[in-house]
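The residues making up each chain are set out below.
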Amino acid sequence: MPIVNRIAAFDEDMKKWRRNIHQNPELGLNCHETASFIEARLREFGIDKIHTGIAKSGLVAIIDGKDDGDTIGLRADIDALPMTETTNLEYSSNNPGLMHACGHDGHTTMLLGAARYLSETRNFSGRVALIFQPAEENEGGGRIMVEEGILDRFDIKNVYAIHNTPDVELGKFYTMPGPIMAGADKFHIDVVGVGGHGAYPHETKDPITAAIGIVQTFQTIVSRSRDPNDKLVVSVTQIHAGSTDNVTPQNAYINGTVRTFDKKVQELVIKRMEEIVSGHAQSFGLECKLRYEKGYPPTINSPENVKTAALAAEDISGVNMVDDNAGQEMGAEDFSYLLEKRPGAYLFLGIGEAAGLHNTNYDFNDDASVYGASFFARLVEMSQPLGR
């Protein structure tokens, strides 16, 4: 295989690490057992500069190279999802209602594999900062780690991360310069009317009719309010109202997500939502309250760092297995907070045939670990060579 031979030699160890993490999933910022497992492995590798308790359960470990130089940051997310696993694997989740359905167990394993190799060889200048981050899925652990000062504290100059992709050829890397993943916002709308008997609608102020009008008009934001060249998703994902057939309810609730790549487009959406919600409140004679929550910003790669990452990926998988202009994704990633402060690159790695992400039958392909670990290792050696 076109991977680092020494990393291939401990492939079985990586498989054991990954399956241990998979069996013991944890949520959000409360990944303490996972962090303890990671710390134990790092100490086995001879890494003793380990800083714990960052973003509650995150940690940063430092590996010194053989010469002076810059510090490169390599990040892996460590949290799981609140889902019930249905794989029936012998290493299925031991924690009911929790599972690693997004492959963060694999991401962590890849970074541990690179850590072991880099600690043994140290054939690079400067330092490597291994960033093990909790709460990617919901609470923005990346933002919290940045706010707690890891980039300045450890003098990190560049940052990189990988995410696995099912049903893409095993070992294939893809990325692109500029915005690669969208920003993700949430909106909540409370519609408050006057309830009453379903047989006498003229005595009520029906929140359902108003809610339906709001949802339908929201679709015109994409189709009529934005420039067709600007990518935008507005999705209503929840609408709740009523309890029985003969009662007009007093309240309705609308919830959804907005995905954008540009702050001007984001501001357009907010402005139009405010106008639509206010207009429907006036039109139907009831009260409508919009709460708009700005979430993860767009994930924006540095073009120069994409070139650096692509060269390292080509060294591992070959030129034909690397696409450095692959196109944008409407998903979101809190690695974006690190990329707002430091240049870097976010890449995807194919893991071959597998169930989709966030699926109860998903399982990370252990054969992909050697590719990701080798990529991280060669990225460090190529971007921070000895004697430069």
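Everything below is about the structure shown above.
Quick caveat: nothing in here was measured; it's all calculated off a predicted structure.

1. Considering the nonpolar core
A general trend in soluble globular proteins is that nonpolar side chains are found buried together.
Okay, so step 1: By size, the foremost hydrophobic cluster in this structure holds 54 residues, and its most contacted members are Leu42, Leu74, Leu130, Phe132 and Phe375.
Okay, so step 2: Counting residues per element, this core draws most heavily on helix 11 (residues 369-383), at eight residues.
Okay, so step 3: Residues within four places of phenylalanine 132 in sequence aside, it is in contact with Ile38, Leu42, Gly58, Leu59, Ala76, Ile78, Thr108, Leu111, Leu112 and Met145.
Okay, so step 4: One finds Ile54, Ala55, Tyr337 and Leu338 within the second-largest nonpolar core, a separate group that totals 29 residues.

2. Things to note about the packing of aromatic side chains
Okay, so step 1: Taken as a whole, this structure holds eight aromatic pairs when the rule is applied.
Okay, so step 2: When the centroid spacing of 5.5 Å and the interplanar angle of 45° are considered together, the rings of tryptophan 17 and phenylalanine 45 count as tilted. Taken together, the residues tryptophan 17 in helix 2 (residues 11-23) and phenylalanine 45 in the loop between helix 3 (32-44) and strand 1 (49-54) connect sequence positions 28 residues apart. Just as tryptophan 17 is buried, phenylalanine 45 falls in that class too.
Okay, so step 3: Pairing phenylalanine 375 with phenylalanine 376 gives two aromatic rings, centres 5.7 Å apart and planes at 50°, and the pair type is tilted. The same class applies to phenylalanine 375 as to phenylalanine 376, namely buried.
Okay, so step 4: Of the aromatic side chains, those joined through ring pairs into one cluster are Tyr174, Phe335, Tyr346 and Phe348.
Okay, so step 5: One residue, arginine 41, lies across the ring of phenylalanine 37, its end atom 4.5 Å from the ring centre.

3. As for helix 8 (residues 263-284)
Working note: α-helix, 3.6 residues per turn, so residues spaced by three or four point in the same direction.
Okay, so step 1: Its 22 residues place the ends of helix 8 32 Å apart at the C-alpha level, agreeing with the 32 Å of an ideal helix rising 1.5 Å per residue.
Okay, so step 2: Contacts made by the buried residues of helix 8 are with strand 8 (183-192), helix 7 (207-225), strand 10 (232-241), strand 12 (251-260) and strand 13 (287-296).
Okay, so step 3: The distance from a side-chain oxygen at the start of helix 8 to the backbone nitrogen of lysine 264 is 2.7 Å, and the residue carrying that oxygen is aspartate 262.

4. Examining the packing of helix 9 (residues 303-317) against helix 11
Okay, so step 1: With their axes 8 Å apart at the nearest point, helix 9 and helix 11 run at an angle of 125° to one another. The orientation of helix 9 with respect to helix 11, classified from their angle, is oblique. Like other packed secondary-structure pairs, helix 9 and helix 11 cross with a definite hand, here right-handed. Two secondary-structure elements touch here, helix 9 through Thr308, Ala309, Leu311, Ala312, Ala313, Asp315, Ile316 and Ser317 and helix 11 through Tyr371, Ser374, Phe375, Arg378, Leu379, Met382 and Ser383.
Okay, so step 2: Residues belonging to the contact of helix 9 with helix 11 are distributed by class as follows: nine nonpolar, four polar and two charged.

5. Concerning the environment of glutamate 304
Okay, so step 1: Here glutamate 304 lies in helix 9.
Okay, so step 2: The exposure class of glutamate 304 is exposed, given its relative accessible area of 52%.
Okay, so step 3: In sequence terms glutamate 304 and glycine 344 are 40 residues apart; their C-alpha atoms lie 8.2 Å from each other.

6. So, unusual backbone geometry
Okay, so step 1: The backbone phi angle of alanine 135 is positive, close to 60°, even though this residue is not glycine.
Okay, so step 2: Note that alanine 135 resides in the loop between strand 4 (125-133) and helix 5 (141-147).
Okay, so step 3: Although it is not a glycine, aspartate 167 sits at a positive phi angle of roughly 60°.

7. Considerations on the side chain of glutamate 333
Okay, so step 1: For glutamate 333, the location among the structural elements is in the loop between strand 15 (322-323) and helix 10 (336-341).
Okay, so step 2: Accessibility expressed as a relative area gives 1% for glutamate 333, which makes it buried.
Okay, so step 3: In contact with glutamate 333, other than residues within four places in its own chain, are Arg75, Asp77, Glu136, His163, Met181, Tyr296, Pro297, Thr299 and Tyr346.

8. Description of the sheet that holds strand 6 (residues 173-174)
Two orientations exist for strands paired in a sheet by backbone hydrogen bonds: parallel and antiparallel.
Okay, so step 1: Here eight strands make up an open sheet; going across it, the order is 1-2-4-3-5-16-6-15 and the pairing mixed. The sheet is open, and its two borders are formed by strand 1 and strand 15, each paired with just one other strand.
Okay, so step 2: Strand direction decides the pairing type here: strand 2 (residues 58-64) and strand 4, joined by six bridges, are antiparallel. Counterpart to alanine 61 in the pairing with strand 4 is leucine 130.
Okay, so step 3: Along the sheet, helix 4 (residues 104-121) contacts strand 2, strand 3 (67-77), strand 4, strand 5 (156-165) and strand 16 (344-350); its crossing angle with strand 3, the most-contacted strand, is approximately 160°.

9. Regarding the pattern of salt bridges
Okay, so step 1: In this structure the tally under the stated criterion is 24 salt bridges.
Okay, so step 2: One salt bridge in this structure joins arginine 41 and glutamate 44, with 2.7 Å as the shortest N-O distance. You can see arginine 41 and its partner glutamate 44 sitting in helix 3, three residues apart, about one turn around the helix.
Okay, so step 3: Lysine 271 is paired through a salt bridge with glutamate 275; the nearest N and O atoms lie 2.7 Å apart. Of this pair, lysine 271 and glutamate 275 are both found in helix 8, four residues apart, which corresponds to roughly one turn of the helix.
Okay, so step 4: Classification of lysine 271 by relative accessible area gives partly exposed; the value is 48%.
Okay, so step 5: What emerges from the salt-bridge pattern is a single network uniting Arg18, Arg19, Asp105, Asp363 and Asp366.

Reading guide: rules and limits
Throughout this description, residue numbers start from 1 for each chain and increase along the sequence as written. In view of the model being predicted, local features appear only for residues whose pLDDT reaches at least 70, and side-chain atom pairs are presented and counted only at 80 or more, with totals across whole chains, interfaces and linings using the full set of residues. As a convention, hydrogens and water are excluded, and side-chain values are obtained from all of the structure's heavy atoms. We define the nonpolar core as a collection of buried residues of types Ala, Val, Leu, Ile, Met, Phe, Trp, Tyr and Cys that are connected through side-chain atoms lying within 4.5 Å of one another. Working definition: with a 1.4 Å probe on protein chains only, accessible area under 20% of the residue-type maximum means buried, over 50% means exposed, and in between means partly exposed. By the criteria applied, helices consist of DSSP H or I runs no shorter than four residues and strands consist of E runs no shorter than two, each listed in order from the N terminus. Whether two residues are in contact is decided by their heavy atoms: any pair within 4.5 Å suffices. Stacked, edge-to-face and tilted are the three classes for Phe, Tyr and Trp ring pairs, Trp counted by its six-membered ring, which pair at centre distances within 6.5 Å; planes under 30 degrees apart are stacked, over 60 edge-to-face, the rest tilted. Definition used: whenever NZ (Lys) or CZ (Arg) falls within 6 Å of the ring centre and also within 35 degrees of the ring normal, the charge is taken to sit over that ring. An expected span of 1.5 Å times one less than the residue number is assigned to each helix. Polar contact is the term for a pair of N or O atoms within 3.5 Å; when the atoms are in protein, one must be able to donate a hydrogen and the other to accept it, and sequence-neighboring residues count only if both atoms are side-chain atoms. Axis lines are fitted through C-alpha atoms, for helices just across the contact stretch, and the angle between N-to-C directions can take any value from 0 to 180 degrees. Oblique is the label for any angle not under 35 degrees, not over 145, and not in the 65 to 115 range, which are roughly parallel, roughly antiparallel and roughly perpendicular in turn. Note on convention: the crossing is left-handed when the near helix lies turned anticlockwise from the far helix by less than a right angle, right-handed when the turn is clockwise. Just so you know the grouping, Ala, Val, Leu, Ile, Met, Phe, Trp, Tyr, Cys and Pro go in nonpolar, Asp, Glu, Lys and Arg go in charged, and all remaining residues, Gly too, go in polar. Whether two strands pair comes down to DSSP finding at least two bridges between them. Salt bridges, as used here, are contacts in which a Lys or Arg side-chain nitrogen is within 4 Å of a carboxyl oxygen on Asp or Glu.

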